[in-house]
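So you can see what is in the structure, the chains are spelled out below.
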Amino acid sequence: MVKVYKYRIYGGNIMLLRGKPVADKIKKTVINEVKNYKNNGSIVPKIAILRVGQRPDDISYEARVLKNCNVVGIEAEGIAIESNSETENVIKILNKLNQNPKIHGILIFRPLPEHLDTEQISRAILPEKDIDCMNPINIEKVFVGDKNRIAPCTPEAVIEILKYYKYDLSGKNVTIVNRSMVLGKPLSMLFLDENATVTICHSKTKDLAGITSKADIVVTGVGRGKFFGPEYFSKESIVIDVGINFENDSICGDVDFEAVSDKVEAITPVPGGVGTVTSMILLNHVIKAMRLQAKMQYF
């Protein structure tokens with residue numbers, strides 16, 4: 001039975017859709033899968049992490065991934081590439097990882113330096129080892145509804161949160177304020193797979209508040225701290241805040257949480273919401289990649 005987290009904020013009851021219990025459930029599944037493989041003496045799951053350059057946020061993210069891998073028992077290999085490396089050199093490294101049967105998942109931190117050809121590099125990753133859905137073949141599979149694919153981590157995290165908290169998505173009106181290939185477009189396909197009705201909004205959308213306030217579920221991903229106030233929602237709104245913004249040495253979402261939280265039905269916090277789940281889904285994709293490479297059915 002799902003534990004419901006309710007908080008009274010400024011006199012109103014809301015449901016706080018925390019990511020930790022969702023991530024913990026996924027983590028438990030991954031740990032059990034890794035143990036099964038190791039106990040059978042067949043395969044030791046392993047991920048290769050490619051970092052180009054010395055961006056502080058990439059280094060921080062790499063440390064978190066390595067820590068999570070250690071927790072669930074997945075082996076990890078970090079590969080640091082000089083920031084001035086050419087596209088051909090990066091692809092050469094990728095080809096070696098593609099051909100290495102002991103590497104089951106490949107993660108490349110994005111964005112890549114501007115001089116690199118991101119499209120060529122994306123296509124160079126084997127789709128069955130592409131745990132962050134960088135290869136266009138995996139994106140294509142998302143759009144055609146092919147289940148034998150690895151979806152982008154953040155869109156999948158949004159769906160997992162809603163399912164964990166027992167929201168029936170069938171027939172729901174969903175508005176996504178993001179049209180990127182990283183979030184908005186693939187997420188719209190995942191919602192359609194659940195028989196939801198989807199509207200995608202963006203910077204040119206007219207009367208944005210009028211559209212979002214009529215939706216059952218609103219997903220925000222504009223990258224502007226505290227952009228969405230109460231006028232963008234209704235009392236029945238379920239708000240999934242994907243934004244991560246840094247303001248005054250603190251992290252906040254796209255939604256003005258303090259102004260909105262007591263005026264909606266449910267909301268994800270930032271931090272502690274979607275990002276928490278995304279990190280664990282990445283490792284779950286290593287298991288999916290292993291099964292795909294072994295031509296096994298997904299669990």
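The rules behind each value
Residues numbered from 1 in each chain as written. Predicted model: local features only at pLDDT ≥ 70, side-chain atom pairs only at ≥ 80, totals over all residues. Heavy atoms only, no water. Buried < 20%, exposed > 50% of the residue type's maximum accessible area, 1.4 Å probe, protein only. Helix = DSSP H or I, 4+ residues; strand = E, 2+ residues; numbered from the N terminus. Pairing = 2+ DSSP bridges. Right-handed = clockwise from strand over helix to strand, strands pointing away. Phe/Tyr/Trp six-rings, centres within 6.5 Å; stacked < 30°, edge-to-face > 60°. Contact = heavy atoms within 4.5 Å. Axes fitted to C-alpha atoms, helices over the stretch in contact; angles between N-to-C directions. pLDDT = per-residue confidence, 0-100. Salt bridge = Lys/Arg side-chain N within 4 Å of Asp/Glu carboxyl O.

*Asks:* Provide a residue-level description of the pairing of strand E6 (residues 173–177), including the pertinent values.
*Replies:* The buried fraction of E6 amounts to four of the five residues, a majority that puts the element mostly inside the structure. One ladder, built from five bridges, connects E6 with strand E7 (residues 197–201); its direction is parallel. Residue pairing across strands places Asn-173 opposite Thr-197, the latter belonging to E7. Remark: the E6/helix H7 (residues 184–193)/E7 crossover connection has right-handed handedness. By the bridge criterion, four bridges tie E6 to strand E8 (residues 217–220) in an arrangement that is parallel. For Thr-175, the partnering residue across the bridge sits in E8 and is Val-218.

*Asks:* Before we move on, could you go through the packing of aromatic side chains and cite the residues and values that matter?
*Replies:* As enumerated under the stated definition, the model contains six aromatic pairs in all. Ring centres of Tyr-61 and Phe-109 lie 5.1 Å apart, and the angle between their planes is 40°; on these two criteria the pair is classed as tilted. Of this pair, Tyr-61 sits in helix H2 (residues 56–72) while Phe-109 sits in the loop between strand E5 (105–108) and helix H4 (118–124), placing them 48 residues apart in sequence. Taking relative accessible area as the criterion, Tyr-61 reaches 23% and is therefore assigned partly exposed. Owing to a relative accessible area of 3%, Phe-109 belongs among the buried residues under this scheme.

*Asks:* Describe the environment of Val-71, naming the residues involved and giving the relevant values.
*Replies:* Its location among the elements puts Val-71 in helix H2. For Val-71, a relative accessible area of 46% translates into the label partly exposed. Each C-alpha atom, one on Val-71 and one on Met-280, is 11 Å from the other, the two residues being 209 residues apart in sequence. If we skip the residues at most four places from it in the chain, Val-71 touches Lys-27 and Ile-31.

*Asks:* Let's hear about the sheet that holds E5: which residues, and what values?
*Replies:* Spatial strand order, E4-E3-E5: three strands in an open sheet with parallel pairing. Taken across any chain shown, the strands that pair with only one partner, and hence form the sheet edges, are strand E4 (75–81) and E5. Put simply, the sheet's adjacent strands are angled 20° from each other on average, direction ignored. As judged from the four bridges shared by strand E3 (residues 46–52) and E5, these two strands associate in the parallel manner. Opposite Leu-50, over in E5, you have Ile-108 as the bridge partner.

*Asks:* Tell me about the side chain of Thr-175, and please be specific about residues and values.
*Replies:* Along the chain, the position of Thr-175 falls in strand E6. In contact with Thr-175, other than residues within four places in its own chain, are Thr-199, Cys-201, Ile-211, Thr-212, Ala-215, Ile-217, Val-218 and Val-219.

*Asks:* Describe the confidence of the model for the chain, and please don't skip the residues or the numbers.
*Replies:* Averaged over the chain, the pLDDT score is 91; the fraction of residues at 70 or greater is 94%. In the model, residues 1–12 has pLDDT below 50 throughout and makes 25 contacts with residues more than four positions away in sequence or in other chains.

*Asks:* With reference to specific residues and values, describe the pattern of salt bridges.
*Replies:* In the structure shown here, the tally under the stated rule is 14 salt bridges. Between Lys-147 and Asp-193 there is a salt bridge whose closest N-O contact spans 3.8 Å. Here Lys-147, found in the loop between helix H5 (136–144) and helix H6 (153–164), pairs with Asp-193, found in helix H7; they are 46 residues apart in sequence, far enough to count as distant. Among the charged side chains, a network of salt bridges with common partners joins Lys-20, Asp-24 and Lys-27.

*Asks:* So, the environment of Gly-41: which residues are in play, and what are the values?
*Replies:* As for its position among the elements, Gly-41 is in the loop between helix H1 (20–39) and E3. Residue classification places Gly-41 among the exposed residues on the basis of a relative accessible area of 65%. Remark: the alpha-carbon pair of Gly-41 and Lys-96, spanning 55 residues in sequence, is separated by 25 Å.

*Asks:* Kindly report on unusual backbone geometry, identifying the contributing residues and their values.
*Replies:* With an omega dihedral of 5°, the bond running from Arg-110 to Pro-111 counts as a cis peptide bond. Take Pro-111: it is sitting in the loop between E5 and H4. For the bond from Val-270 to Pro-271, the omega torsion is 0°, close enough to zero to count as cis. Its location among the elements puts Pro-271 in the loop between strand E12 (266–267) and helix H10 (274–293). You will see that Cys-133, though not glycine, has its phi angle at about 55°, which is positive. Tracing the backbone shows Cys-133 in the loop between H4 and H5. Of note in this structure, Asp-249 is not a glycine but carries a positive phi near 65°. Among the secondary structure elements, Asp-249 is positioned in the loop between strand E10 (245–247) and strand E11 (250–252). Its relative accessible area of 86% is what places Asp-249 among the exposed residues.

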